[in-house]
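Residue-level structure breakdown
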Amino acid sequence: MSTPTLSAPVAEEGLFSPRYRGSSLAFAGVMFLVGFAALALVTTMPVAVRSLHGLGQYPLAFGSFVTAALFGSVLAGRLNDSYGPRRPLAAGLVLSVGALVVCGAAHSVWVLIAGRCLDGLAGSLVVVSVNVTVARTYPSGLRPRALSLMSVCWIVPSMAGPPVAGVVASATSWRWVFLGLAVLTAVVAAAAVVLARRRIADAENDSGADGADTDWRRVGLSALLALGAGLLVYAGSGLHPAQVAAAVVGLVLLVPTAPRLLPPGALRAAAGLPAVVLLSGLCSGVYFTLESFVPLLLIDHRHVPVSLAGTAFTGATIGWAGASWLQGHLWSAVPRHRLAAVGTALTTAATVVAALGVPHAAPRLTAGLALVVAGAGMGLVAPSLTVLAFEYCRPEEQGRYSAALQVAQSLGQVLVMGLAGALYGAGTSGGRAGGAFAAVFALLFVLAAGTRLLAPRTTPARTAAH
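Residues numbered from 1 in each chain as written. Predicted model: local features only at pLDDT ≥ 70, side-chain atom pairs only at ≥ 80, totals over all residues. Heavy atoms only, no water.

1. Some words on the pattern of salt bridges
Test applied: The rule for a salt bridge is simple: a side-chain nitrogen of Lys or Arg has to be within 4 Å of a carboxyl oxygen of Asp or Glu. For the purposes of this entry, the term helix denotes a DSSP run of H or I that reaches at least four residues, the term strand denotes a run of E that reaches at least two, and both are numbered from the N terminus. Buried residues are those whose accessible area, probed at 1.4 Å on protein chains only, stays under 20% of the maximum for their type, while exposed residues exceed 50% and partly exposed ones sit between those limits.
Tallied over the full model, the rule gives one salt bridge. The salt bridge involving aspartate 119 is made with arginine 116; its shortest N-O contact spans 3.5 Å. Taken as a pair, aspartate 119 and arginine 116 lie in helix α5 (residues 109-137) at a separation of three residues, close to a single helical turn. Each of the two residues, aspartate 119 as well as arginine 116, counts as buried.

2. Digging into the nonpolar core
This is how it is decided: Put simply, a nonpolar core is a bunch of buried Ala, Val, Leu, Ile, Met, Phe, Trp, Tyr and Cys residues held in one set by side-chain atoms that sit within 4.5 Å of each other. Any two residues whose heavy atoms approach within 4.5 Å at even a single point are treated as in contact.
By size, the foremost hydrophobic cluster in this structure holds 102 residues, and its most contacted members are Leu112, Leu290, Phe293 and Phe441. Sorting elements by how many residues they give to this core places helix α11 (residues 273-301) first, with 14 residues. If we skip the residues at most four places from it in the chain, leucine 112 touches Met45, Ala48, Val49, Leu52, Cys103, Ala106 and Phe178.

3. Focus: the environment of valine 233
For valine 233, the position within the fold is in helix α9 (residues 216-235). For the pair valine 233 and phenylalanine 62, spaced 171 residues apart in sequence, the C-alpha to C-alpha distance is 9.1 Å.

4. A word on the packing of α11 against helix α13 (residues 336-356)
To keep things clear, this is the line we draw: To obtain an axis, a line is fitted to C-alpha atoms, over the contacting stretch when the element is a helix, and the angle between two such axes runs from 0 to 180 degrees between their N-to-C directions. Any angle that is under 35 degrees is reported as roughly parallel, and any over 145 degrees as roughly antiparallel; angles of 65 to 115 degrees are reported as roughly perpendicular and all others as oblique. Crossing handedness is read from the near helix: turned anticlockwise from the far helix by less than a right angle, it gives a left-handed crossing, and turned clockwise, a right-handed one. When residue character is reported, Ala, Val, Leu, Ile, Met, Phe, Trp, Tyr, Cys and Pro are called nonpolar, Asp, Glu, Lys and Arg charged, and the others, Gly included, polar.
Interaxial distance between α11 and α13 falls to 11 Å at its minimum, and their mutual angle equals 25°. As judged from the angle between their axes, α11 and α13 are roughly parallel. For the pair α11 and α13, the crossing hand works out as left-handed. Where α11 abuts α13, its residues Leu279, Cys283, Val286, Leu290 and Leu297 lie against Ala340, Thr344, Thr347, Ala350, Thr351 and Ala354. Residues that form the contact of α11 with α13 fall into these classes: eight nonpolar, three polar and no charged.

5. Things to note about the packing of α11 against helix α16 (residues 433-454)
Geometry of a packed helix pair, given as the angle between the helix axes and the separation of the axes. In contact at an axis separation of 10 Å, α11 and α16 are set at 160° when each is read in the N-to-C sense. Here α11 lies roughly antiparallel to α16, going by the angle between them. Considering how the two elements wind past one another, α11 and α16 form a crossing that is left-handed. The class makeup of the residues in the contact of α11 with α16 is 19 nonpolar, four polar and no charged.

6. Some points on the confidence of the model for the chain
Applicable threshold: For every residue, the predictor states its confidence as a pLDDT score lying anywhere from 0 to 100.
Across the chain, pLDDT averages 78, with 84% of residues at or above 70. Put simply, helix α1 (residues 2-12) is where the chain has its lowest mean pLDDT, 39, and α13 is where it has its highest, 91. This stretch, residues 208-213, has a pLDDT under 50; its non-local contacts, to residues over four places away or in other chains, come to ten contacts. Note that residues 461-466 has pLDDT below 50 and, in this model, eight contacts with residues that lie over four places away or in other chains.

So, in structure tokens, the structure goes:
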């Protein structure tokens with residue numbers, strides 16, 4: 001008699017049941033906004049950088065967002081664990097609006113880069129706070145579905161964002177893409193805060209945090225790490241003496257600080273949580289470097305119109321959202337480490353497709369298919385690793401390890417982007433654009449193949465003692 005009585009309410013509980021409806025709508029709205037901005041800006045950045053006569057700083061224009069996110073992730077993690085998610089989330093949303101205004105008003109590539117730094121800080125505050133709230137709001141059985149919902153919410157932005165951004169940039173100016181997104185951010189953020197205020201407050205109260213244990217030493221280390229990573233990204237844009245010196249200083253700052261901000265054993269891929277964090281960083285580095293160089297290849301090398309190049313991101317997001325939906329629904333019972341293995345195999349295949357799109361003999365949109373395949377891979381990998389990370393840590397550590405995931409992802413993007421930028425800069429300086437792109441995609445293939453070998457080390461069977 002008791003079994004049916006207890007199981008019936010559980011079966012009825014869903015993301016849009018009365019208990020979770022407000023928070024689900026709010027977080028879906030935030031992810032819709034993040035997806036729209038990310039996809040619109042990826043297709044706009046090549047146009048903006050070229051307009052500001054800063055094509056040589058293209059890797060830095062992308063990397064500045066990620067380097068700021070390194071610092072912001074640790075800061076957000078500590079603030080979430082110490083004070084709860086409400087204030088960091090609100091600060092991130094407000095800062096995001098300001099960052100978009102700075103970018104839209106930029107009259108030099110360096111002001112644009114500064115705006116992207118602000119946006120990276122804002123994005124890390126938002127993502128870590130949302131992750132912590134999801135972990136504290138939803139039961140473990142609903143977390144994969146909640147993460148799947150947020151990925152699915154990228155579908156509409158993927159269809160509308162790149163074409164709209166291309167039309168706006170072509171008809172008026174790339175500046176209005178940033179400024180229009182600032183207005184949209186303000187509206188969606190206000191609605192999200194209203195919808196989720198009760199659940200965010202509950203998550204904050206449940207944490208028991210009072211701000212007394214904030215570890216500002218770790219925040220200071222993250223600032224040094226972000227500075228070192230930024231210098232490495234700058235160094236990747238050329239081989240001048242100043243850039244070589246920046247690379248040396250960046251490594252001096254990065255080598256001692258990175259291990260102290262990641263779980264012990266992460267850099268040697270220790271089984272369990274350390275391997276989860278390391279794999280998350282490497283996969284993120286491969287995917288987002290691919291996402292940065294494919295539009296540059298399509299627009300500047302294969303001369304694909306901006307609006308048409310944006311369709312690649314539509315396909316990528318549909319692939320990501322579709323795979324994420326599968327892992328949260330039809331494949332919800334499949335072990336997470338197996339889903340990660342399949343996802344890394346898809347990402348590896350995507351780097352091969354991208355390389356096939358470099359020669360002019362190939363159809364112009366061939367490389368765009370690489371983003372579709374890679375998006376499907378990340379749709380399996382990203383939510384699976386997030387679920388595993390939260391399973392391996394205590395509730396009071398969720399902010400810390402959510403931040404560790406973000407740090408690893410940002411660091412992976414910085415390092416891979418820096419290496420790719422150096423290869424691209426060396427190739428283009430000799431007038432061999434095709435060879436430069438081929439070298440970048442070869443690097444990504446080697447790293448992606450490494451992630452496939454690393455995926456089995458995330459298996460829960462090896463972390464039972466954690």
